[in-house]
Amino acid sequence: MSLLMWLTSACIFLFSQALVSWSIQELHVSQETIEKISAAGQLMNCSAPVDVLFLFDGSYSIGKGSFERSKYLAIKLCDALDINPGKVRVGAIQFSNTPHLEFPLDAYFTKQEIKDKLRKIVFKGGRTETGLALKYILRKGFSGGRNSSIPQILIILTDGRSQGNVAVPAKQLKERGIAVFAVGVSFPRWEELQALASEPAEWHILFAEDADDASNGLYTTLTESAICSAAFPGCGAESHSCERKTLERVKEFVGNYFCWKGSKSNNAVHTSLCPFYNWRNTFIKYPSRCYRTTCPDPCGSHPCQNGGTCIQQGLEGYHCVCPVGFGGDANCAPKLSLECSVDLLFLVDSSSSTTLEGFLRYKAFLKRFLQAVWSRESPGNVGVAQYSNDVKMAVGIGGHQDVLSLVKAVDSMQFSGGSTLTGKALRYVTQHGFKSGPVFADTPDDLPRVVVLLTDSNAHDSVAEAAKYSRGQDVFLIGIGSESLKAELDNITGNPKWTLIYSSPQDLFNKIPELQRKICSIDSQGCPSQSVDLVFALDSSASVGRNNFVQLKTFVSSLSLQFDINRDVTQVGLVVFGKRPHTTFGLDTHVTSSDLHEAISQAPFVGGSASVGSSLLHIYDDLMTVQKGARPGVKKIVVVVTSGAGVEDALVPAQQLRNNDVSLLVIGMEQVQVSSLLRIAGSHNNLLRIPSYEELKNNEELILERICDEAKKPANLCKPNPCMNDGVCVSGNGSYWCRCQGWVGPHCENRIQRGDTSQMHPAMVRAPQNRRGWRQLYRSRKHSKRQIPETH
């Protein structure tokens, strides 16, 4: 039992030491003052003829960890000393059972040499014979020091738990004119440090665990005692209330219990009541005063505007921590601006599920956004609507241009409660929220139309169809909400790229710059003005490996976020290849970003050897055809990511793709042979070498730029040939038609039945000029695909 109690006490002691060492000395000042003390300490410098001797306690009671912290403080103190033969000289002694001179004062004369030597001092261990160390100094003096006209400073770093008398030799040292600083280490015994330190003791007792505070305290005392003027001009010492503690083991009486005692008789044992005691650790407090130097506060003039927080840096410097949107200069001027031309409508959830608190939070966010971003010079228009059961326009698009009137209008919005009819609200603002352009117009408005949805509740109606309708009317949707709404918001926006998730009210305000960037990137996302059929071919062979293949999938998924995924703008297909290619999904398989990203994550690792040529042939035959989703008149791009293995058979298939107006972008990974890949890519512009798979994400913008450059090039309506069954494509005046032999239909997809002469005329197909035209072509193609007979 006694062993168990001893172990428990030891654990409590160690645990207490770990947790409370920071509070052994506490200055009763604000955090701001502590920062000022630290800043002033870093500016202090002692440049005068002074001999400084460090006396390190290297006993077992202090331990190796605290000994290392003593060395760290000594090194930090040296940073503020002008060490050279004519100014400050430094020496060091370590003591435990006996004192040992580590190096005299005339051994090293540069700051770096002294610091290096201090770092190399090795912990000795032993008893705490502080008295013997002091007598050693009385007898030997400051070894290597100068004459008595040079001030002498003794800095004792100890826990104050000596095993002998220290008061007498300490008094004799002080009588010789030596300034003695007692620096407490670990859990020091402050009474002994009081006896060691020069008078007044409050000026000469420090604590090693807080190096910045100890440094300031030491040089404050040196400045006040005129040993050296260490403080920066204009700074001054101030007295602060402080409290010092020490951890002692206290013996406590538990009670009297029966015990057995022997007797002179062999057969007799006596019982009696014996006292039992317990040991516990307790803190003993010592109220005191601490003198520290602080400097004039550059933040006193409140230089930070717009609610910014001023933080002092050094003596005269400061920096402002600015609210989101106010960082245009060092003093928190507004920094954001909406330099893009858009019609911007905020749609705010005012339903019961969002709650009054959530509604007020969104109002505050709106006001902060408008104050940070909007101005009379902003080229677009802004409006605000709120919804629950119905929609109410608080600010019509373009109704107010100045920020003050916009903020007042937002302030006047009242919480309404009711159901969360998000779908109904999206339809309403799509039809009535934007003043320019007629409802259901096929041509886009002069300015892009953007709806920013702020909601804290799942919709109570069919929001997916309504969102699809809004996007179909060329309204861009951006969703803002909490993590629990991410799936629904992704579905509403159609792309996770346009969803903003916040974790706390403050985090919501932090999203203002990101929202501003998203709004202004509407017109620069991917290649929005050009429709593109984009196929990724990923090397999934053993030369890539499973882990790197996962990074390839992540790269494709991230890059796809830059595109507007639907049948009108961007279609994406994915092929993975080893020795044989495998179509993960075709161009017309996935028409939403969320479905696309899920499918990319499911792409299989193939392994084995690689054949780039087989994959390119497969893409040409199996993906770049009308019946497999390719759109005539739309630019087609293949992005091949390869380890460089198995490229020998790719030259002819690559040329076949280029001959059929399919652009080829080749990305070589790691140490690939650039010359062999260049022949496949066809030009330097279409070849990129990425040094590692981790670097793919850092080259995303460059790869996107290359894709968009290709997407902007004109597309040939008849390449690849959209006509099936050996039909001949004939183009002219923005349209094409298929000359069929034995087959009929827009793409020669239906065999002529014997005796049927009613379908001999060729069909004319005009390349769609807008998004709705592509939908109609897609529907007709789907219908015709059902009529195509199987051929073997």
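Our subject is the structure listed above.
Caption draft 1: Seen up close, the pattern of salt bridges. The full count for this structure, using the stated rule, is 18 salt bridges. The residue Glu514 makes a salt bridge to Lys518 at a minimum N-O spacing of 3.9 Å. Taken together, the residues span about one helical turn, with Glu514 and Lys518 both in helix α16 (residues 512-520) at a distance of four residues. Salt-bridge contacts for Glu710 lead to Lys713; the nearest nitrogen and oxygen are separated by 3.0 Å. Judged by relative accessible area, Glu710 falls into the buried class, the value being 9%. Assessed through its relative accessible area of 41%, Lys713 is described here as partly exposed. Via salt bridges that share partners, Lys511, Glu514 and Lys518 belong to a single interconnected network.

Caption draft 2: A look at the state of the cysteines. Enumeration over the complete set of coordinates arrives at seven disulfides. Covalent S-S linkage joins Cys46 and Cys228, the inter-sulfur distance amounting to 2.2 Å. Across the S-S bond of Cys46 and Cys228 the torsion is about -130°, and the bridge reads as left-handed. Remark: Cys228 occurs in the loop between α9 (211-224) and β8 (236-262) and Cys46 occurs in the loop between α2 (31-43) and β2 (50-57); sequence separation between them is 182 residues. Across the pair, exposure class does not vary: Cys46 and Cys228 are buried alike. Residue pairing for Cys235: its cysteine sulfur links by disulfide to Cys295, the two sulfurs lying 2.0 Å apart. Judged by the torsion about the S-S bond (105°), the Cys235/Cys295 disulfide is right-handed.

Caption draft 3: Examining a nonpolar patch on the surface more closely. A surface patch of nonpolar side chains, amounting to about 290 Å² of accessible area, comprises Val254, Tyr257 and Phe276. Topologically, Tyr257 is positioned in strand β8.

Caption draft 4: Here's a closer look at the nonpolar core. Ranked by size, the top nonpolar core spans 43 residues in total, and within it Phe54, Phe56, Leu118, Ile153, Ile155, Tyr219 and Leu222 carry the most contacts. When contributions to this core are tallied by element, the ones reaching two or more residues are β2, α3 (63-79), β3 (88-95), α4 (111-119), β5 (152-158), β6 (179-184) and α9. With six residues, α3 is the largest single contributor of residues to this core. Setting aside residues up to four positions removed in sequence, Leu118 forms contacts with Phe56, Lys71, Ala74, Ile75, Cys78, Ala92 and Phe103. Listed in part, the 36 residues of the second largest apolar core include Val348, Tyr362, Ala409 and Ile480.

Caption draft 5: Region of the structure containing the pairing of strand β20 (residues 581-585). When strand β19 (residues 570-577) meets β20, the two strands line up antiparallel, connected through four bridges. Along β20, the bridge assignment pairs Phe577 with Pro581. Hairpin connection, β19 to β20: the antiparallel pair is bridged by three residues.

Caption draft 6: Structural detail: unusual backbone geometry. Residue Pro200 is reached from Glu199 by a cis peptide bond, and omega for that bond is -10°. Of note, Pro200 is situated in the loop between α7 (190-196) and α8 (201-204). Across the junction of Lys719 and Pro720, the peptide omega takes the value -15°, indicating a cis bond. Residue placement: Pro720 occurs in the loop between α22 (700-711) and β24 (728-732). With a phi close to 60°, Asp474 is a non-glycine residue in the positive phi region.

Caption draft 7: Here's a closer look at the packing of aromatic side chains. Applying the stated criterion across every chain yields a total of 14 aromatic pairs. Residues Phe67 and Phe123 carry aromatic rings whose centres are separated by 5.4 Å and whose planes lie at 55° to one another, so their mutual orientation is tilted. Placement of the pair is Phe67 in helix α3 and Phe123 in the loop between α4 and α5 (130-140), with a sequence separation of 56 residues. Phe123 gets classed as buried once you look at its relative accessible area, which sits at 19%. Considering the side-chain rings of Trp203 and Tyr291, the 4.0 Å spacing of their centres and the 10° angle between planes classify their relative orientation as stacked. Separated by 88 residues along the polypeptide, Trp203 in helix α8 and Tyr291 in strand β9 (residues 269-294) bring together distant segments of the chain.

So, how was this worked out
Residues numbered from 1 in each chain as written. Predicted model: local features only at pLDDT ≥ 70, side-chain atom pairs only at ≥ 80, totals over all residues. Heavy atoms only, no water. Salt bridge = Lys/Arg side-chain N within 4 Å of Asp/Glu carboxyl O. Helix = DSSP H or I, 4+ residues; strand = E, 2+ residues; numbered from the N terminus. Buried < 20%, exposed > 50% of the residue type's maximum accessible area, 1.4 Å probe, protein only. Disulfide = S-S within 2.5 Å. Patch = residues over 30% accessible without salt bridge, like charges linked within 9 Å, V, L, I, M, F, W, Y side chains within 5 Å. Areas by Shrake-Rupley, 256 points an atom, 1.4 Å probe, with all protein chains shown as cover. Core = buried A, V, L, I, M, F, W, Y, C linked by side-chain atoms within 4.5 Å. Contact = heavy atoms within 4.5 Å. Pairing = 2+ DSSP bridges. Phe/Tyr/Trp six-rings, centres within 6.5 Å; stacked < 30°, edge-to-face > 60°.

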